[in-house]
Amino acid sequence: MKKQILIDISYFVQEDRKTGIHRVLRSILLELLQNPPKEYSVRPIYAVSPDSGFFYANTCIYDRFSIKLGIDDTSVYYRKGDIFIVGLDFSTHSENFYSKITPYIINNGVKIYTVLYDLLPIELPHMYPQYAVNIFNKWLHEITQFNGVICASKSTASVFQTWANKNNILLNSSFTIDWFHLGSDVENSAPTLGLPKDGQNILPILEKKVTILMVGSLKPRKGYSQVLKAFEELWKRNIDINLVIVGKYRYNMDNVVLKIKENKEFCSRLFWLDHVSDEYLEKLYEVSTVVLMAAEEEGFGLPIVEAARYKKPLILRNIPVFKEIAENHAFFFSGLEPSDLATAIEHWLTLYSEGMVPTTEGMKILTWKESTEQLLNKLLQ
């Protein structure tokens, strides 16, 4: 009987949130299901409570992907040599589940790893609700009992190592800290489909002038407040450009939402699209001039590689992970004041008019197949 790669998808079983993280989950999950390693069977699993144990997610996989792995969601049977992967759908709510099951499965010869996207609630606690910081802190301590972490960037792996050292965490001598990079081909991510009613009307508007696209949930750390104020400065200078924000409202952003909706350019040169399918997102990438990421910190930056796949130029905040992903293929800016960004964008526009902006041509990007292969190589080495 084959060994198993068990993938916790507890959040995904409840709901496909259609966020970047769930796009990552769908992409890697589908690739693993369609092309499993020779010696393994790939089995998504889930838990419903700390005392329930884990079940095979056969029903969910059939409903979402039309892939039949079994008839019922039976209890998971662990075998020596199995690999248990958590964190792909960011199931930090399961920390109590793992505290009970981790010693049991490790003692039975199962290796357990987490995919770690970032440590942002620890790096920027003032930008998260306190309950989220507390949960994440408990989660980080929980995963130190695993066999290792595979981070979504080299930068995140470095941050995790620094956190462990700073907190005097005694990691097992065989504990793995490694990293891989995410894929960029949205079309191979089991993409969500559908266009909004006014979707076809908006796209021609965006094509008529320079359009700067931002993709990411509305969260304090994403830099949206600075961006809005910077664009207000640019519009006052009679610089005729569009700003398109694609992302769902998350938390502590009521003032930003209000500023968007009350802005006199809203639905004219300022657009906020809060429920966008992957199909529509692809069209937005196609018609946009440049992609902007102004996050103060990030774990990877999926829009960077997705934009590069469409050969779109990049305007990025000068932070380590963005330098890691884009290298010299982006225009970088610094500073937290609106004027810092406004000046940077004005400079970029001048370079753009002269054909002098950095391009994403030749930038290192992966397909989801290649990204999944990277992850497997780290897990199976």
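One can find the structure itself at the top, above this paragraph.
What counts and what doesn't
Residues numbered from 1 in each chain as written. Predicted model: local features only at pLDDT ≥ 70, side-chain atom pairs only at ≥ 80, totals over all residues. Heavy atoms only, no water. Helix = DSSP H or I, 4+ residues; strand = E, 2+ residues; numbered from the N terminus. Rg over C-alpha atoms; globule rule 2.2 N^0.38 Å. Buried < 20%, exposed > 50% of the residue type's maximum accessible area, 1.4 Å probe, protein only. Contact = heavy atoms within 4.5 Å. Areas by Shrake-Rupley, 256 points an atom, 1.4 Å probe, with all protein chains shown as cover. Pairing = 2+ DSSP bridges. Axes fitted to C-alpha atoms, helices over the stretch in contact; angles between N-to-C directions. Phe/Tyr/Trp six-rings, centres within 6.5 Å; stacked < 30°, edge-to-face > 60°. Lys NZ or Arg CZ within 6 Å of the ring centre and 35° of its normal. Right-handed = clockwise from strand over helix to strand, strands pointing away. Parallel < 35°, antiparallel > 145°, perpendicular 65-115°, else oblique. Left-handed = near helix turned anticlockwise from the far one by under 90°. Nonpolar A, V, L, I, M, F, W, Y, C, P; charged D, E, K, R; others polar. Expected span 1.5 Å × (residues − 1). Arc of directions from axis to C-beta. Lys, Arg positive; Asp, Glu negative; His and termini not counted. Salt bridge = Lys/Arg side-chain N within 4 Å of Asp/Glu carboxyl O. Polar contact = N/O pair within 3.5 Å; in protein donor to acceptor, adjacent residues only side chain to side chain.

1. Quick look at the overall build of the protein chain
Part 1 of the argument: Of regular secondary structure, the protein chain possesses 15 helices and 13 strands.
Part 2 of the argument: For a compact globule of 381 residues, the expected C-alpha radius of gyration is about 21 Å, and the protein chain comes in at 21 Å, within 12% of that figure.
Part 3 of the argument: If you line up the protein chain on its principal axes, its C-alpha atoms span 65 × 45 × 40 Å.
Part 4 of the argument: The burial tally for the protein chain puts 57% of its 381 residues in the buried class.
Part 5 of the argument: Counting contacts in the protein chain only where the partners sit at least 6 residues apart, residues at least 24 apart contribute 75% of the total.
Part 6 of the argument: Summed over all atoms, the accessible surface of the protein chain reaches about 17000 Å², with 49% contributed by carbon and sulfur.

2. Considering the sheet that holds strand β6 (residues 148–151)
Part 1 of the argument: One open sheet accounts for 7 strands, arranged β3-β2-β1-β4-β5-β6-β7; its pairing is mixed. Each edge of the open sheet carries a strand with a single partner, namely β3 (54–56) and β7 (176–179). Taking the axes of each pair of neighbouring strands and ignoring which way they run, one obtains an average angle of 25 degrees across the sheet.
Part 2 of the argument: When strand β4 (residues 83–86) meets strand β5 (residues 111–116), the two strands line up parallel, connected through 4 bridges. Within the sheet, the bridge partner assigned to Ile83 lies in β5 and is Lys111.
Part 3 of the argument: Contacts from helix α6 (residues 130–143) reach β4, β5 and β6, with the element oriented near 140 degrees to β5.

3. Details of the packing of aromatic side chains
Part 1 of the argument: Evaluation of the coordinates by the stated rule reveals 11 aromatic pairs.
Part 2 of the argument: Look at Phe54 and Phe84: their rings are 5.4 Å apart centre to centre, the planes differ by 90 degrees, and that puts the pair in the edge-to-face class. Of the two residues, Phe54 sits in strand β3 while Phe84 sits in strand β4, which places them 30 residues apart along the sequence. The same class applies to Phe54 as to Phe84, namely buried.
Part 3 of the argument: Chaining the aromatic ring pairs together yields one cluster made of Phe54, Tyr78, Phe84 and Tyr104.
Part 4 of the argument: Directly above the aromatic system of Trp179 lies the positively charged group of Lys378, at a separation of 5.6 Å from the ring centroid.

4. Describing the sheet that holds strand β10 (residues 270–273)
Part 1 of the argument: Here 6 strands make up an open sheet; going across it, the order is β10-β9-β8-β11-β12-β13 and the pairing parallel. What marks the edges here is a single partner per strand, and that holds for β10 and β13 (331–333). For this sheet, the mean inter-axis angle between neighbouring strands, taken without regard to orientation, is 20 degrees.
Part 2 of the argument: Direction of pairing for strand β8 (residues 211–215) relative to strand β11 (residues 290–293): parallel, over a ladder of 2 bridges. Bridge pairing in β11 links Ile212 to Val290.
Part 3 of the argument: Running over the sheet, helix α9 (residues 224–236) touches β8, β9 (242–246), β10, β11 and β12 (314–317) and is turned about 165 degrees from β9.
Part 4 of the argument: Packing of helix α11 (residues 278–287) onto the sheet brings it into contact with β8, β9, β10 and β11, and relative to β8 it is tilted by some 145 degrees.

5. Points about the pairing of β8
For a regular strand, the rule is simple: side chains alternate between the two faces of the sheet.
Part 1 of the argument: Most of β8 sits inside the fold, with 5 of its 5 residues counted as buried.
Part 2 of the argument: Of the two faces of β8, the one carrying Thr211, Leu213 and Val215 and the one carrying Ile212 and Met214 are both buried.
Part 3 of the argument: In this view, the connection linking β8 to its parallel neighbour β9 by way of α9 has right-handed handedness.

6. Observations concerning the packing of α9 against helix α14 (residues 338–353)
Part 1 of the argument: Orientation of α9 relative to α14, taken along the N-to-C sense of each, is 60 degrees, at an axis distance of 8 Å. As far as their axial angle goes, α14 and α9 are oblique. Here α9 runs over α14; the crossing is right-handed. Of the residues in α14, those touching α9 at Gln226, Val227, Lys229, Ala230, Phe231, Glu233 and Leu234 are Pro338, Ser339, Asp340, Leu341, Ala342, Ile345 and Glu346.
Part 2 of the argument: Its residues assigned to classes, the contact of α9 with α14 shows 8 nonpolar, 2 polar and 4 charged.

7. A look at unusual backbone geometry
Residues apart from glycine generally show negative phi values, whereas peptide bonds are mostly found in trans.
Part 1 of the argument: In this model, Ser66 sits at a positive phi of 60 degrees, which is unusual for a non-glycine residue.
Part 2 of the argument: Mapped onto the elements, Ser66 comes out in the loop between α3 (58–65) and β4.
Part 3 of the argument: Look at Ser66 and you get exposed, because its relative accessible area is 57%.
Part 4 of the argument: You will see that Asn238, though not glycine, has its phi angle at about 65 degrees, which is positive.
Part 5 of the argument: The residue Asn238 is located in the loop between α9 and β9 in this model.
Part 6 of the argument: Accessibility expressed as a relative area gives 69% for Asn238, which makes it exposed.

8. Notes on helix α15 (residues 368–380)
Note on helix geometry: an α-helix contains 3.6 residues per turn, so any two residues three or four positions apart are oriented the same way.
Part 1 of the argument: The end-to-end C-alpha separation of α15 is 18 Å, in line with the 18 Å expected for 13 residues at 1.5 Å each.
Part 2 of the argument: Within the sequence span of α15, burial applies to Trp368, Ser371, Thr372, Leu375, Leu376 and Leu379. The arc that holds the buried residues of α15, viewed along the axis, is 135 degrees, so those residues lie on one side.

9. Some details on the side chain of Asp82
Part 1 of the argument: Structurally, the position occupied by Asp82 is in the loop between α3 and β4.
Part 2 of the argument: Buried charge Asp82 goes without a salt bridge, the closest partner of opposite sign being Arg79 at 4.9 Å.
Part 3 of the argument: Within the structure, the side chain of Asp82 is placed 2.7 Å from the backbone nitrogen of Gln4, a separation counted as a polar contact.
Part 4 of the argument: The contacts of Asp82, once residues within four sequence positions are left out, are Lys3, Gln4, Leu6, Tyr77, Gly109, Val110 and Lys111.

10. Observations concerning the pairing of β12
Part 1 of the argument: The alternating pattern of β12 places Leu314 and Leu316 on one face and Ile315 and Arg317 on the opposite face, and all of these are buried.
Part 2 of the argument: Between the parallel elements β11 and β12, the chain passes through helix α12 (residues 302–309) in a crossover that is right-handed.
Part 3 of the argument: In this sheet, β13 lies alongside β12 in parallel orientation, the contact comprising 3 bridges. In the strand pairing of β13, Ile315 is matched with Phe331.
Part 4 of the argument: Tracing the backbone out of β12, into helix α13 (residues 320–326) and back to the parallel element β13 gives a crossover that is right-handed.

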